[in-house]
Amino acid sequence: MDALPPAGLHPSRAVLARYARQNLPRYTSYPTAPHFGALEEASYRQWLAGVAPGDRLSLYLHIPFCKSLCWYCGCHTSVTRSVARTARYARGLVSEASLLAAALPFAAPVEALHLGGGTPSALGAEALEGVMEGLRQRFAFLPEAELSVELDPRLLDDAIVAVLARQGFGRASLGVQDMAAEVQTLIGRIQPPALVAGAVAKLRAAGIKGINFDLMYGLPGQTTAHVEASARFAADAGADRVAVFGYAHVPWMKPHQKAIPEALLPDSMARMDQAEAAERALLAAGYVAIGLDHFARPDDPMAVAAQAGALRRNFQGYTTDRAPVLLGLGASAIGSLAEGYAQNLPDERAYLAAVEDGHLPIARGLALTREDRLRRGIIEAVMCDLSLDLRRVPLKVWRAAETRLEPLVADGLAVVADGRLVTTEAGRRFVRHIAAAFDAYLGGGPARHSAAV
C-alpha cells in the first residue's frame, strides 16, 4: 500500500465538527445489513448449490452467550449459566453444519474458521470440542487453515485453552476495551491487568501465538490518558494486532446500554483525541496503521496483506481471509456468497427449532445486483486500501460520488489526482465518509447507524 498523502496530519476542530455527528455504516458489507429483506430457504439452497469448483470456504460460528452482560456491548448475545441450554445450542450448530455440507455440490475446502459471540468459551470445553469435531467430520479443513476465536479473558480456564490448542487454533482476540478500573466499573466489565496478562501467557504457552487485543474509546468516564495507557498495555503485552474501536452508543437497538449514563460519554472532540492518542502510542511502539482502526506488527500477516493491497473486509471487520464463500452458522450469523447475503434467524429458540426440523435457519438476506457488486468492490477498496483506482469506477457512478466528495476534498480529507482517489492522513478517521459517497442506499430508508467518529 502506498504511503498516504499528508495533507495535514490532523483535521482542524472546525473540520471535525462538520463530520463528527454524522451516523454512517461501518461497511463490513455492502449493501449493509439494515437493507436486507426476506429471503427464502429455497433461494439460499440454490446459492449453495452454485458454489463453484475450486471455491474455498470460510466458516463463522456465532455463539450468543455470556456469563454476564457488559453494558457497552453491541453484540447479539444473552446471559446464561445453563449447561443444558448451551449444550443444545452446540448440537444445533453441528446440525446446521450437516445441512450446509449436504447443500453444497462438493466438499469445498475450508481455509478459515472464526468463532465469535458473545463468548465462545461459554459453551464449555466439552461442548466446544464437540462442535469442532462435528465441523471436521462435515467439512474438509485445509492443513494451513487459520482458526481464530474471540475470548473473554475472565472466562479462560485451562480446559478451554487445551481444547483450542488440540483443535489447532492459532489466533485469539481478547476483549480488553480499557485497563482503567474506574472505566471498567462504568461498563460492567472488571478485568485487572494481571488477569489479562495471565490469559495471554496461557494461550502462548499452549502454542496459540497470534494474539489480538480489542480496545475501545468513547466509553463512559474515559479520558485520553486512559486510552493511551491501554494502548501501551497492549503493546507491552506483545499483541500482534490491536483494534481500536469507537464505542457505539445505540440504546434504541441495545436497551442494556441504558445502564451507561450518557452524561459521562466523551463528546466527539474528546473521542477524536482518544483515537489519536491510541494511534500515537501504537505507532511509537512499532505498529503500523491499517485501514480505519487496526494496527499490527510490521511482520504480521495483516500488515503484509495491507502492504500488498490484499486486505479484505467482512462482517468481522478487517481480515486476511480471501475465501469467496463465507458461511455463517448460529443464531443471527450472516453468510456471504457470490449471489448475495444470507442471515440466520436471530432468535435462539426459532433457530434451534429450524435446524432440529431439518431446515436451514434463514431469516433474511439480499440478492446482489450487478451494480451492488460494483459498488461493493469500490467501497471495500476505499475502506481497505484507502485508495481507489478511478478506472474501476463507471462515469455515472463517479459523477454522483464526486458531488458528495467535494467537501471532503476541500477539507483535505481526500485527494483526487493521477486517476486515483486517495484518503489523506488527516482523512483516515473519516474513511467511512469517503466510502459513503459511493453508497446508493444511504439515506433511502429508516436505517440508523452509529456515529462515524
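Coordinates for the structure precede this section.
Now for a look at the structure at hand. A quick note: this is a predicted structure, and the numbers were derived from the prediction, not measured.

**Some words on the overall build of the protein**
- When helices and strands are tallied, the protein shows 14 helices and 20 strands.
- For the protein, the C-alpha radius of gyration of 21 Å lies close to 22 Å, the compact-globule estimate for 453 residues.
- Counting all 453 residues of the protein, 54% fall into the buried class.
- For the protein, long-range pairs separated by at least 24 residues make up 74% of all intrachain contacts whose partners lie at least 6 apart in sequence.
- Counting only carbon and sulfur atoms, one obtains 55% of the accessible surface of the protein, whose full area is about 18,200 Å².
- Positive and negative side-chain charges in the protein, numbering 46 and 46 respectively, have mean positions lying 2 Å apart.

**Here we look at the packing of helix H8 (residues 224-236) against helix H9 (residues 268-284)**
- Axis separation between H8 and H9 bottoms out at 8 Å; the angle between their running directions is 30°. Accordingly, the angle class assigned to the pair H8 and H9 is roughly parallel. Like other packed secondary-structure pairs, H8 and H9 cross with a definite hand, here right-handed. For the pair formed by H8 and H9, the contact residues are Thr-224, Val-227, Glu-228, Ala-231 and Arg-232 on the first element and Asp-273, Gln-274, Ala-277, Ala-278, Ala-281 and Leu-282 on the second.

**A closer look at the packing of aromatic side chains**
- If you walk through the whole model with that rule in mind, you get eight aromatic pairs.
- Residues Phe-213 and Phe-233 carry aromatic rings whose centres are separated by 6.2 Å and whose planes lie at 25° to one another, so their mutual orientation is stacked. Here Phe-213 is found in strand S8 (residues 210-217), whereas its partner Phe-233 is found in helix H8, with 20 residues between them in sequence.
- Looking at Phe-233, the relative accessible area reads 19%, which means it is buried.

**Remarks on the sheet that holds strand S19 (residues 414-417)**
- If you trace the three strands from one edge of the open sheet to the other, you get S18-S20-S19, paired in antiparallel fashion. What marks the edges here is a single partner per strand, and that holds for strand S18 (387-389) and S19. Averaged over all neighbouring strand pairs, the angle between strand axes comes to 15°, with direction disregarded.
- As paired strands, S18 and strand S20 (residues 420-423) are joined by three bridges and run antiparallel to one another. In the strand pairing of S20, Leu-388 is matched with Leu-421.

**Comments concerning the state of the cysteines**
- Applying the stated criterion across every chain yields a total of zero disulfides.
- Between Cys-75, a free cysteine, and Cys-73, which holds the nearest cysteine sulfur, the sulfur-to-sulfur gap is 3.9 Å.

**Thoughts on H8**
- Over its 13 residues, H8 runs 18 Å from end to end, which matches the ideal 18 Å to within 8%, given 1.5 Å per residue.
- Buried residues of H8: His-226, Val-227, Ser-230, Ala-231, Phe-233, Ala-234 and Ala-235, and no others.
- Along its buried surface, H8 packs onto helix H6 (181-187), helix H7 (193-205), S8, strand S9 (241-246) and H9.
- Phi for Gly-238, located one or two positions after H8, is positive at around 80°.

Analysis parameters
Residues numbered from 1 in each chain as written. Predicted model: local features only at pLDDT ≥ 70, side-chain atom pairs only at ≥ 80, totals over all residues. Heavy atoms only, no water. Helix = DSSP H or I, 4+ residues; strand = E, 2+ residues; numbered from the N terminus. Rg over C-alpha atoms; globule rule 2.2 N^0.38 Å. Buried < 20%, exposed > 50% of the residue type's maximum accessible area, 1.4 Å probe, protein only. Contact = heavy atoms within 4.5 Å. Areas by Shrake-Rupley, 256 points an atom, 1.4 Å probe, with all protein chains shown as cover. Lys, Arg positive; Asp, Glu negative; His and termini not counted. Charge placed at Lys NZ, Arg CZ, Asp CG, Glu CD. Axes fitted to C-alpha atoms, helices over the stretch in contact; angles between N-to-C directions. Parallel < 35°, antiparallel > 145°, perpendicular 65-115°, else oblique. Left-handed = near helix turned anticlockwise from the far one by under 90°. Phe/Tyr/Trp six-rings, centres within 6.5 Å; stacked < 30°, edge-to-face > 60°. Pairing = 2+ DSSP bridges. Disulfide = S-S within 2.5 Å. Expected span 1.5 Å × (residues − 1).

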